[in-house]
Amino acid sequence: MATTRTATTEWKGALIDGSGNVSLNTSGVGTFEVTWASRSQDAGGRTSPEELIAAAHSSCFSMALAHGLAGAGTPPYSLETSADVTFQPGEGITGIVLSVKGQVPDITAEQFQEAAETAKANCPVSKALTGTTITLEAELL
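Here's what I pulled together on the structure shown here.

One key point about sheets: their strands pair by backbone hydrogen bonds, in either a parallel or an antiparallel sense. Ordered by their spatial adjacency, three strands build an open sheet running β4-β5-β6, and the pairing between neighbours is mixed. A strand with exactly one partner marks an edge of an open sheet, and here the two such strands are β4 (78-88) and β6 (134-140). Neighbour to neighbour, the strand axes of the sheet diverge by 15 degrees on average, direction disregarded. Where strand β5 (residues 92-103) and β6 come together, seven bridges link them in parallel fashion. Bridging across to β6, V97 finds its partner in T135. Along the sheet face, helix α2 (residues 49-71) touches β4, β5 and β6 and points at about 145 degrees away from the line of β4. Against the sheet, helix α3 (residues 109-122) makes contact with β4, β5 and β6, and its axis sits at roughly 150 degrees relative to β6, the strand it touches most.

Here is the structure:
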């Protein structure tokens, strides 16, 4: 069954001096301020499209990796994933680095790396971001 999730942004003013609020409508868990400065300089307590992409990518990748590991008979004790999304004004998103540390019983570092690469290639957010260079760092703890 397909699902649809919705977020809404209300923006006021021009790009450089304007500001907005991003609301996570489906979950209702929050509304977050966004500005050009929070995107291109210091976050200053506000979010950015790139931070929201990083949140989506790190969570999607973690779910895909957990699913793949469990399917192979080695479910993880824990996975900690970060996604670093780099934004260059005038160019856009120039790359994403996924970093995962996992506690997985009965698996080798090579098997963990292979599972992580498979998750990176098949996670729906990775697929949606195919125009971006995505690199992976995987460490078995």
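The next subject is the pairing of β4. Two faces belong to every sheet, and in a regular strand the side chains alternate between them. With eleven bridges joining them, β4 and β5 adopt antiparallel strand pairing. By the bridge assignment for β5, V85 is matched with I96. Between the end of β4 and the start of β5, which pair antiparallel, lie three residues, with G90 showing a positive phi angle near 90 degrees.

Before going further, it helps to spend a moment on the pairing of strand β2 (residues 19-24). Two strands pair when backbone bridges link them, and strand β1 (residues 7-12) and β2 are joined in this way by six bridges, in the antiparallel orientation. Along β2, the bridge assignment pairs W11 with G20. Between β1 and the antiparallel strand that follows it, β2, lie six residues; G13 among them carries a positive phi value of about 95 degrees.

Cut-offs applied
- Residues numbered from 1 in each chain as written.
- Predicted model: local features only at pLDDT ≥ 70, side-chain atom pairs only at ≥ 80, totals over all residues.
- Heavy atoms only, no water.
- Pairing = 2+ DSSP bridges.
- Helix = DSSP H or I, 4+ residues; strand = E, 2+ residues; numbered from the N terminus.
- Axes fitted to C-alpha atoms, helices over the stretch in contact; angles between N-to-C directions.
- Contact = heavy atoms within 4.5 Å.

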